[in-house]
Amino acid sequence: MHKNLFTYLILFIYFQIFITNCFLSQNNIATIIVDETDSINTVNNTLLGYNNNWYVPEMMFENDNITYRTEFEDIYSQCSHHLQRMSGTASQHHDWKLDTVMPPTNRQSQLDNWGNPYISYYGIVEWILKVREYNPDAKFIWTLNMTHMSSIDHADLAEFLLYEGSGNPNAGVDWKQVRINLGLGTSAVNIEFIELGNELDVGGHQFTIQQYIDSCQNAINAMLAVVPGIKFSAHVATGPWNQSNSWKSWHRDILQSLSDDLDYLSFHAYYEGIAIKTMELDYIKHIRQDIQNPIYSNNSDINIVITEHARWINSNTHSDDNLKGSIAKAHLLARLMQNKTVTHANYHGLLVRAYNAMGPYSSNVINRYKGGPFEVSELFSKAFSNSQAVVSSLVSGDLTDWMDAQATLIHSVIKRKDGGLNLIIVNKSDSLDRNINLSFNGTYYLNKKIIITAANMSDYNDHNQQPITSNETIVNDGQPLSSYLIDKQSVTVLFLDNTPANTNATKDYSNKLNIKPNPMRNSSIIEFNNPNNTLSIINIYDLNGKRVLKVIRSYSNFIELKKERLCSGIYLIQLQNKQHLSYGKLVVE
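So, how was this worked out
- Numbering of residues starts from 1 in every chain and runs along the sequence as written.
- Two thresholds apply to this predicted model, a pLDDT of at least 70 for residue-level local features and 80 or more for giving and counting side-chain atom pairs, whereas whole-chain, interface and lining totals are computed over all residues.
- By convention in this description, side-chain values take in all heavy atoms of the structure and omit both hydrogens and water.
- Between rings of Phe, Tyr and Trp, where Trp is taken as its six-membered ring, a pair exists when centres lie within 6.5 Å; planes separated by under 30 degrees are stacked, by over 60 edge-to-face, and by other angles tilted.
- Where helices and strands are cited, they refer to DSSP runs of H or I of at least four residues and of E of at least two residues respectively, numbered from the N terminus.
- Each residue's exposure class comes from its accessible area (1.4 Å probe, protein chains only) as a fraction of the maximum for that residue type: buried when under 20%, exposed when over 50%, partly exposed otherwise.
- Charge-over-ring placement is defined geometrically: NZ (Lys) or CZ (Arg) within 6 Å of the ring centre, and within 35 degrees of the ring normal.
- Paired strands, in this sense, are two strands between which DSSP finds at least two bridges.
- Each axis is a line fitted through C-alpha atoms, and for a helix only the stretch in contact is used; angles between axes span 0 to 180 degrees, taken between their N-to-C directions.
- One fewer than the residue count of a helix, multiplied by 1.5 Å, yields its expected span.
- For this analysis, a polar contact is any N or O atom pair within 3.5 Å, provided that within protein one partner can donate a hydrogen and the other can accept it, and provided that sequence-adjacent residues contribute only side-chain to side-chain pairs.
- By definition, residues are in contact when any of their heavy atoms lie within 4.5 Å.

1. Quick look at the packing of aromatic side chains
For any pair of aromatic rings, geometry is given as the distance between the ring centres together with the angle between the planes.
Here is step 1 of the chain: In the structure shown here, the tally under the stated rule is 23 aromatic pairs.
Here is step 2 of the chain: Judged by centre distance (4.6 Å) and plane angle (70 degrees), the rings of Tyr55 and Tyr118 are edge-to-face. Of the two residues, Tyr55 is situated in the loop between β2 (49–52) and α2 (70–76) and Tyr118 in strand β5 (residues 117–118); the sequence distance between them amounts to 63 residues.
Here is step 3 of the chain: The class for Tyr55 is buried, based on a relative accessible area of 4%.
Here is step 4 of the chain: On the accessibility criterion, Tyr118 (9% relative accessible area) is buried.
Here is step 5 of the chain: When the centroid spacing of 5.3 Å and the interplanar angle of 25 degrees are considered together, the rings of Trp96 and Phe160 count as stacked. Placement of Trp96 in the loop between β3 (83–86) and β4 (110–111) and of Phe160 in helix α4 (residues 151–162) is noted, with a sequence separation of 64 residues between them. Both residues of the pair, Trp96 and Phe160, belong to the buried class.
Here is step 6 of the chain: Ring pairs connect the aromatic residues Phe61, Tyr68, Phe72, Tyr76, Tyr122 and Tyr134, which therefore count as one cluster.
Here is step 7 of the chain: Sitting above the plane of the Tyr347 ring, Lys329 keeps its charged end 4.2 Å from the centroid.

Below, the structure is given as structure tokens:
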């Protein structure tokens, strides 16, 4: 009797396992239906911005505080630099005028937000020049020092950064001429907007709402008197999820007083702590509704900018830059692409004391490296390249509803100017691959894929090892794409063309690169046409179509490639700029 019961129990357990596995196998299936004829938003590379910091010279300079470290340059040159903002809190203590004293080693020390002295070796001039070196079209956000600098200083800043007229509008120092003398040029700096302070409703320099409004109005008036047409952003309440509904009164009072002069409202998003869908539905959505409500605002065209965002650092100091934090950043970006309300976003940050995309804050570690958040930004930058619009798509399947805080599959679709599509798919599950059925109006072929992943969600990159990697593969199967298996805990971009890769007429293989010497012994020079000195991107692939060397950028017409970065073998070299695609074959001995 007992033996029979035991046998039945074993059979029952196996039956339960079988049923569970059947359900699990169903749970991994999702369907994405794309309508590439329906554009729902523009593609804004200003969503791929970074924050910087005044206080981190050891991250970038040799001991002389003037010469940039090779380790810093190697990584910094691989950043797209679409949008750059200098630190918010630190900017409430920083005197930009002291940055105009040259050389930097002669500058006067200042006090940081902890009361410690520092010298701004990487000041306003160095920052703008270094970013422009790698992207002449980069846009900048300037955060005004509202606690220590006056309206006169703000007017001088407008003249220094933006004035292009004749004469000296403020009398005193000719700040336009100072800009020219320091190498920033006769044309205005490409300032996207002026941010009116940072988190001044909290902290050591807490303003009342009326103090903040008055300070904003004085700054706006002073700067517009010098350069009409400047765009401004005021900040909403800091950490509204820590407050009751009273958080709304801060931005409502701002809108009632300043909306005629504002173009943006700044919001800081620190998520997972707070779910990303909660950021969208409970905060950004409500701010947008108040902007459009004539009770509060005279200007319904004000947009929202996320001038700081990252996964919140909890007891795990790498919760922002481990794989889980990197995937969370991709989740936010994929959602923002479809949100017409938010036009700019800055990851916090590229070089800061925490939330660092280029390695930890440590004067003992000089080797910079690409953290997971850096890899995510550059992957999205590739997906945004040559884009026409974000297009409509519907997804179905378990855990695919973005309005569900438990959703693990998030996606967005871009239509390119050449008629192809880029599918961005974020799989937040640490246990389940997802089998995606795909439906389009037209026929598309998978010709390239890039995947960011690691073995574990807790993995993070450091100067010893980089488990979070971005792997690019050329696909030449020649079959129309109807399904794809998305790896667990990954960010994937599928690059789809109208024709298979081997018959893609948009690629001009007759445009050859001049490579010498070839074969390479120690190094080779790659020469190419670049009459306008535009940005060129070089990728190197092995014969299996896998990219083996990360993107290299150059604004000249040649670049030197060293053997130490390649193993012996045959490689395909691809160069792309605004004019054309060029190809070459390199043999490495």
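2. Thoughts on the sheet that holds strand β20 (residues 514–516)
Here is step 1 of the chain: Taken in spatial order, the three strands of this open sheet run β20-β21-β24, and their pairing is antiparallel. The sheet is open, and its two edges are formed by β20 and β24 (558–562), each paired on a single side. The mean angle between the axes of side-by-side strands here comes to 20 degrees, regardless of whether they run parallel or antiparallel.
Here is step 2 of the chain: Judged from the five bridges that link them, strand β21 (residues 523–527) and β24 form a sheet pairing that is antiparallel.

3. With respect to helix α9 (residues 323–336)
Here is step 1 of the chain: When the terminal C-alpha atoms of α9 are compared, their 20 Å separation across 14 residues agrees well with the 20 Å that a helix rising 1.5 Å per residue should span.
Here is step 2 of the chain: For α9, the buried fraction is high: 13 of the 14 residues fall into the buried class.
Here is step 3 of the chain: Among the residues of α9, the N-terminal cap falls to Asn322, whose side-chain oxygen and the backbone nitrogen of Lys324 are separated by 3.2 Å.

4. Quick look at the environment of Met86
Here is step 1 of the chain: Along the chain, the position of Met86 falls in strand β3.
Here is step 2 of the chain: What makes Met86 buried here is its relative accessible area of 1%.
Here is step 3 of the chain: Between the C-alpha atoms of Met86 and Ile124, which are 38 residues apart in sequence, the distance is 8.7 Å.
Here is step 4 of the chain: Contacts of Met86, omitting those with residues within four sequence positions, involve Asn52, Asn53, Trp54, Ser91, Tyr122, Trp127, Ile141 and Thr143.

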